[in-house]
Amino acid sequence: MEIKMVDLKSQYLKIKNEIDEGIQKVIDTTSFIKGPAVQEFQLGLEKYLNVRHVIPCGNGTDALQIAMMALDLKPGDEVITASFTYVATAEVIALLGLKPVLVDVDRDSFLIRPDEIEAAITPKTRAIVPIHLFGQCADMEAILEIAKKHNLYVIEDTAQAMGAEFTFSDGTVKKAGCMGDIGCTSFFPSKNLGCYGDGGAMYTDDEILAKKLRMIANHGQSIQYHHDIIGVNSRLDAIQAAILNAKLPYLDTYNGSRQKAALFYDKAFSSCKKVKTPIRVSNSTHVFHQYTLQLAEDVDRNKLRQYLTEKGIPSMVYYPVPLHRQKAYMDEFNKDEKFPISNYLSGCVLSLPMHTELSENQLNYIAETILSFFE
Ligand SMILES: *Cc1c(COP(=O)(O)O)cnc(C)c1O
């Protein structure tokens, strides 16, 4: 029994024909750049998300960068995002000469905290980038209210929450990435909707923004060889689009499998005092990009990981160093004492194998092995 953090091979084998046919069709028609596969994916994702515009691009980091470029932010403008996350968000903010203002997250949900966002707002703040970390939505109702009050843009980083749904207090339900001004996602192979290389997309309901995002992703042109604004070259590869076209119809099933695996873990650890299982926030579904435990203070994480490795069980620490402690992002704005929760979490989180192909046998073995470590 081989256990993987993410098992893309078994998932592929189940829909091999559809994927292979899609790839072959791109090769047969030699529509390698743009072309019908990309167009089909764009329309398919628009329909799935119930959003007006999907703009495919090269990867999730590009999506964030292009989104930021489209909002005409000026050097020195402040953009608020979380410290406990993947680096991409803060990276593109800094790359564009903007100021990443990091805020702490919630200890139970790992998500950015609206009260911390509000406390970090200054006259220079222009945008908020909430991250729907590990697969459930940040409190978008509160965040959108703050944004409205202070006239700020909201760019959602939804790379880990493809398919998650947020319910507003009036009953409105929206898909992750479709609530702020722009949603940004990634189709990196291990993401909930992953291709077999790099890929990404932006979403928006705003016609003008959509046009601008499309132009920026295409060298700042809407008419070939007429460059009205400074852009980049960021395209979703046609072969990757063909793979995504084959996988999109299964996305909800895939997320369902992840949720089932998560429930299994929840139950298995329900009476174990050494681990805290991930909580579900009340206003969002959880699509479990990661299943992340918090280990009790007296648990030696390295020893546990070592033990698991010896038993053939991989595990990962997302994320071992919060952004405010990264050399590249340390500064007087982001002082260490402002981030007790991010610091705490980086010391005690442990993500377990989570993918669409985990069998009961495997889940059982993983859970039993972890529990046996504490005996
Ligand atoms: C994966 C990821 C990204 C970046 O996506 P790439 O396609 O790898 O560039 C950005 N933000 C978060 C939260 C991610 O998990």
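Residues numbered from 1 in each chain as written. Predicted model: local features only at pLDDT ≥ 70, side-chain atom pairs only at ≥ 80, totals over all residues. Heavy atoms only, no water.

If you look the protein up in an unreviewed UniProt entry, it shows as UDP-4-amino-4-deoxy-L-arabinose--oxoglutarate aminotransferase from Cecembia lonarensis. Annotation of the protein in UniProt includes, under Sequence similarities (unreviewed entry), the sentence "Belongs to the DegT/DnrJ/EryC1 family." (UniProt positions renumbered as here; feature names shortened; annotations may be inferred.)

Asker: Run through the overall build of the protein, naming residues and quoting values.
Answerer: A tally of regular secondary structure across the protein gives 13 helices and 14 strands. For 375 residues, the compact-globule formula gives about 21 Å, and the C-alpha radius of gyration of the protein, at 21 Å, lands near that figure. Viewed in the frame of its principal axes, the protein has a C-alpha envelope of about 70 × 55 × 40 Å. Long-range pairs, those at least 24 residues apart, make up 73% of the contacts in the protein between residues at least 6 apart in sequence. Working note: accessible area of the protein is about 16,800 Å², and carbon and sulfur atoms make up 52% of it. If you average the places of the 39 positive and of the 47 negative side-chain charges in the protein, the two averages end up 2 Å apart. (Helix = DSSP H or I, 4+ residues; strand = E, 2+ residues; numbered from the N terminus. Rg over C-alpha atoms; globule rule 2.2 N^0.38 Å. Contact = heavy atoms within 4.5 Å. Areas by Shrake-Rupley, 256 points an atom, 1.4 Å probe, with all protein chains shown as cover. Lys, Arg positive; Asp, Glu negative; His and termini not counted. Charge placed at Lys NZ, Arg CZ, Asp CG, Glu CD.)

Asker: Would you mind going over the environment of Lys303 in detail, with residue names and values included?
Answerer: Along the chain, Lys303 falls in helix 11 (residues 301-310). Among the residues examined, Lys303 registers a relative accessible area of 55% and is labelled exposed. A sequence separation of 261 residues divides Lys303 from Gln42, and the C-alpha atoms of the two residues are 46 Å apart. (Buried < 20%, exposed > 50% of the residue type's maximum accessible area, 1.4 Å probe, protein only.)

Asker: I'd like to hear about the sheet that holds strand 14 (residues 349-352), residue by residue, with values.
Answerer: Sheets are built from strands paired through backbone hydrogen bonds, the pairs being either parallel or antiparallel. Spatially, 12-13-14 is the arrangement adopted by the 3 strands of the open sheet, whose pairing is antiparallel. This sheet does not close on itself; its edge strands, each paired only once, are strand 12 (275-276) and strand 14. Strand direction decides the pairing type here: strand 13 (residues 291-295) and strand 14, joined by 4 bridges, are antiparallel. Pairing of Thr292 across the sheet is with Ser351, part of strand 14. Helix 12 (residues 340-348) contacts strand 13 and strand 14 of the sheet and is inclined by roughly 100° relative to strand 13. (Pairing = 2+ DSSP bridges. Axes fitted to C-alpha atoms, helices over the stretch in contact; angles between N-to-C directions.)

Asker: Any details on the packing of helix 2 (residues 16-29) against helix 9 (residues 238-247)? Residues and values, ideally.
Answerer: Contact geometry for helix 2 and helix 9: axes closest at 8 Å, N-to-C directions at 150°. By the angle between their directions, the pair helix 2 and helix 9 is classed as roughly antiparallel. Here helix 2 runs over helix 9; the crossing is right-handed. Contacts between helix 2 and helix 9 involve Glu18, Ile19, Gly22, Ile23 and Val26 from the former and Ala238, Ile239, Ala242, Ile243, Ala246 and Lys247 from the latter. Among the residues making up the contact of helix 2 with helix 9, the classes are represented as 8 nonpolar, 1 polar and 2 charged. (Parallel < 35°, antiparallel > 145°, perpendicular 65-115°, else oblique. Left-handed = near helix turned anticlockwise from the far one by under 90°. Nonpolar A, V, L, I, M, F, W, Y, C, P; charged D, E, K, R; others polar.)

Asker: I'd like a rundown of the site of the ligand, residues and numbers included.
Answerer: Taken together, Asn59, Gly60, Thr61, Tyr86, Ala88, Ile131, Asp157, Ala159, Gln160, Ser186 and Lys191 form the complete shell of residues around the ligand. Between the ligand and Thr61, the relevant distance is 2.5 Å, taken from an oxygen atom to a side-chain nitrogen or oxygen of the residue. Burial of the ligand by the protein amounts to 92% of the accessible area it has alone, namely 380 Å². The pocket occupied by the ligand, as judged from atoms lying within 2 Å of grid points, is the largest pocket. Tallied by class, residues from the shell around the ligand come to 4 nonpolar, 5 polar and 2 charged. (Near = heavy atom within 4 Å. Polar contact = N/O pair within 3.5 Å; in protein donor to acceptor, adjacent residues only side chain to side chain. 1 Å grid on protein atoms, 1.4 Å probe; cavity = no way out; pocket = protein on both sides within 12 Å on 5 of 7 lines; lining within 4 Å. Sits in = over half its atoms within 2 Å of the grid points.)

Asker: Before we move on, can you summarise helix 5 (residues 88-95) with the specific residues and values?
Answerer: Buried residues of helix 5: Ala88, Thr89, Ala90, Val92 and Ile93, and no others. Looking at the buried side of helix 5, the elements it contacts are helix 4 (60-70), strand 2 (78-82), strand 3 (99-103), strand 4 (125-129) and strand 5 (153-157).

Asker: Quick rundown of empty space enclosed by the protein? Include the residues and the values.
Answerer: Summed over the entire model, instances satisfying the criterion amount to 3 cavities of 30 Å³ or more. In this model, the largest cavity occupies a volume close to 70 Å³. In terms of lining, the largest cavity is formed by 13 residues, of which the most central are Leu8, Gln11, Lys191, Arg258 and Thr356. Among the residues making up the lining of the largest cavity, the classes are represented as 3 nonpolar, 6 polar and 4 charged. Looking at which domains feed residues into the lining of the largest cavity, each of domain 1 (8-249) and domain 2 (250-373) supplies at least three. The residue inventory of the lining of the second largest cavity, partitioned by class, reads 4 nonpolar, 3 polar and 1 charged. (Points joined across faces, edges and corners; volume = space filled by probe spheres on them. Domains from an automatic or database assignment.)

Asker: I'd like to hear about the layout of surface pockets, residue by residue, with values.
Answerer: One number sums up the size of the largest pocket: a volume of about 480 Å³. As for the largest pocket, its lining consists of 25 residues, of which Tyr86, Gln160, Phe188, Lys191 and Tyr319 are closest to the centre. Looking at the lining of the largest pocket, the elements that each hand over two or more residues are helix 4, helix 5 and strand 8 (182-186). A breakdown of the residues in the lining of the largest pocket according to their chemical character gives 11 nonpolar, 11 polar and 3 charged. Per-domain counts for the lining of the largest pocket show at least three residues from each of domain 1 (8-249) and domain 2 (250-373). What lines the second largest pocket is a set of 17 residues, among which Lys34, Val38, Gln42, Pro56 and Arg214 lie closest to the centre. For the lining of the second largest pocket, the secondary structure elements donating two or more residues are helix 3 (35-49), strand 1 (53-57), helix 8 (207-217) and strand 10 (221-223). Counted by class, the lining of the second largest pocket contains 6 nonpolar, 7 polar and 4 charged residues.

Asker: Tell me about the pairing of strand 2, residues and numbers included.
Answerer: Taking burial as the measure, the 5 residues of strand 2 include 5 buried ones, the bulk of the element. Burial along strand 2 is two-sided: the face carrying Glu78, Ile80 and Ala82 and the face carrying Val79 and Thr81 are both buried. Two elements, strand 2 and strand 3, share 5 bridges in a ladder whose sense is parallel. Its bridge partner lying in strand 3, Ala82 is registered against Val103. Considered for its hand, the β-α-β crossover made up of strand 2, helix 5 and strand 3 is right-handed. The pairing of strand 2 with strand 4 spans 4 bridges and is parallel. For Ile80, the partnering residue across the bridge sits in strand 4 and is Ile128. (Right-handed = clockwise from strand over helix to strand, strands pointing away.)

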